[in-house]
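Descriptive analysis of the structure
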Amino acid sequence: MWETGWREKAWSQLDQAWDIIVVGGGITGAGILREATRLGLRTLLVEQHDFGWGTSSRSSKLVHGGLRYLKEGKLQLTRDSVRERERLLNQGPGLIDPLGFLLATYEGDRPGRWTYQAGLSVYDLLALQWSHQHYSARDFQMLAPRIAREGLRGGFRYGDAQTDDARLVLRLIREAVADGGMALNYVMAEKALREGNQVIGVQLRDGSGQDAGHTTDVRSRVVINATGAWADHLRGQVGAAARIRPLRGSHLLFPAWRLPVAQAVGFLHPVDHRPVFIFPWEGITLVGTTDVDHAQPLNEEPRISPGEVAYLMAAACAEFPSLNLTLDDVVSTFAGVRPVVGTGQADPSKEARDHIVWQEHGLLTVTGGKLTTFRLIALDALKAVRRHLPAQAAPHLDSKQAVLNQVNVELPGAEHLSEAQRRRLLGRYGADAPALVAAAQPGELGLVPNTPYVWAELRWAARAEGTVHLDDLLLRRVRLGLLLPEGGKGLLPQIRAVCQPELGWDNGRWAEEETAYLILWQTSYSLPSGDIPDWHTLLAEAKAKH
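The notes below deal with the structure included here. Here the structure is a predicted model, which means the values were calculated and not measured.

Here's the deal with the overall build of the protein
- A tally of helices and strands in the protein yields 18 helices and 18 strands.
- Taken over C-alpha atoms, the radius of gyration comes to 23 Å for the protein, in line with the 24 Å a tight globule of 546 residues would show.
- Referenced to the eigenvectors of the C-alpha coordinate spread, the extents of the protein come out at roughly 65 × 55 × 45 Å.
- Counting the 546 residues in the protein, one finds 59% classified as buried.
- Averaged over its 59 positive side-chain charges, the protein has a centre that lies 5 Å from the centre of its 62 negative ones.

This is the structure:
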């Protein structure tokens, strides 16, 4: 599908009559592309960086209903979210998987036990299930043995889900391309083309390969701006006022042996009483998240700040004090920028997270929302432009359609893999999984050390998944840059042996990519270089206040 020379071929086919151009290759854009191609619409997606480069590879990895929406009285949004979660769990095993969630309650917590009990009951009923249960303090400690005991009143266990966000984006795009859509990474929508007062297309600029800098004008019936936190760039070109308030959410990642949790643990942060969580993901343990204004330029890689490190370390150390965690235990960090519509709230966490659809001079912008409801957001966007679409497509928007293609294939050559490993490959790669296994060289179905990945995934990503730079490969296609110390630096010689021939890079290009990747990892995926505040002091001050 994305064979050698695919970019040049795709670029040569841009001069045609498109029904829809989607600008933005994150989860929202990928969802729109998938639903549009399902309708038989001629649809082009362009992404200025890599697919999922922005928020959609830097989320908290949760596919969940969002208990906070119940607190805000948003029953319909919660209902939609939990039902989409159930749909994804049923259709994407191995990509979207169940995650048990423990919710600890401590003396003095607000909300307390009975509020949580009522909320979780509604949460389950909206999902047409009953998964939650309350545990006494003693029984709760059996579920989370190293949890802080002082003031523990007990807690709840309920069911949610998690995913690999970047792989979800890529599977949606791959299935859309297989159905006739087109998707190009490293292509920027530089300028909106207008006829009179209406947007009729975009000027595209190639940002990769030998033709970097080349531009072309592409026209369509509809242009959908699905660029998330970057939405005001195109909106500004049609005279719309800026509306986006970029908010950063950052995370710390620890080795599972150092911060062992069998399921997610949610609790209120001791400093500001915001909900935070610690959960297992891809063989490591993830701690998140923050919610702060992001003032840095959006086209720079976001990075965690020293203050955010202290905030998250305070959370982890307060909830698991006996582990004596230090900064030396942190494997990596990541930060993403949420596209939130600003309303002037002093507290960033009080800004609404609903998705918004704006139509402005022929440009449709869709932004906000959450990972779990990407399909409903896509359908809302298509409904909003229905009158501009071919008549045969408009009546067929169906919210009950499958989100992901059903995958009923064997994996010849993978018989020695466990059932969980085969399910994982089928979930992450869908119909491409048999080709991935067939491409494996001897020994490449073995695990990359200290990860759940097999070496053949690296070969396949380099060969067939639109990889342009080494960070595409190691931070989004296969997440070794998040899971391994120093971003997997110690394995780069083995990675090079597998991937360099598939990528077609000479030695000079590989050396350039490796240097750039390691610099990027050090600046944006490791601990920041500035002085990190003492989180023990933060905790002591918070305790003194309460």
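Next, the rest of the story.
Re the nonpolar core
- Residues Ile 20, Ile 32, Leu 44, Ile 96, Leu 168, Ile 173 and Leu 204 are the most contacted members of the largest nonpolar core, which totals 65 residues.
- Examining the composition of this core, we find that seven residues originate from one element, helix α7 (residues 165-178), more than from any other.
- Counting 46 residues, the second largest nonpolar core, distinct from the first, contains Ala 264, Ile 284, Leu 473 and Leu 483.

Digging into the packing of helix α13 (residues 455-464) against helix α16 (residues 492-503)
- As a packed pair, α13 and α16 sit with axes 8 Å apart at the nearest point and diverge in direction by 30°. The angle between α13 and α16 falls in the class roughly parallel. Classified by chirality, the crossing of α16 by α13 is right-handed. Here α13 contributes Trp 455, Leu 458, Arg 459, Ala 462 and Arg 463 to the contact with α16, which in turn contributes Gln 494, Ile 495, Val 498, Cys 499, Glu 502 and Leu 503.
- Taken together, the residues of the contact of α13 with α16 sort by class into seven nonpolar, one polar and three charged.

Regarding the pairing of strand β7 (residues 182-185)
- Along β7, one buried face is formed by Met 182 and Leu 184 and the opposite face, lined by Ala 183 and Asn 185, is buried too.
- Here four bridges tie strand β2 (residues 43-47) to β7, and the two strands are oriented parallel to one another. Paired with Glu 47 across the strands is Asn 185, a residue of β7.

What counts as what
Residues numbered from 1 in each chain as written. Predicted model: local features only at pLDDT ≥ 70, side-chain atom pairs only at ≥ 80, totals over all residues. Heavy atoms only, no water. Helix = DSSP H or I, 4+ residues; strand = E, 2+ residues; numbered from the N terminus. Rg over C-alpha atoms; globule rule 2.2 N^0.38 Å. Buried < 20%, exposed > 50% of the residue type's maximum accessible area, 1.4 Å probe, protein only. Lys, Arg positive; Asp, Glu negative; His and termini not counted. Charge placed at Lys NZ, Arg CZ, Asp CG, Glu CD. Core = buried A, V, L, I, M, F, W, Y, C linked by side-chain atoms within 4.5 Å. Axes fitted to C-alpha atoms, helices over the stretch in contact; angles between N-to-C directions. Parallel < 35°, antiparallel > 145°, perpendicular 65-115°, else oblique. Left-handed = near helix turned anticlockwise from the far one by under 90°. Contact = heavy atoms within 4.5 Å. Nonpolar A, V, L, I, M, F, W, Y, C, P; charged D, E, K, R; others polar. Pairing = 2+ DSSP bridges.

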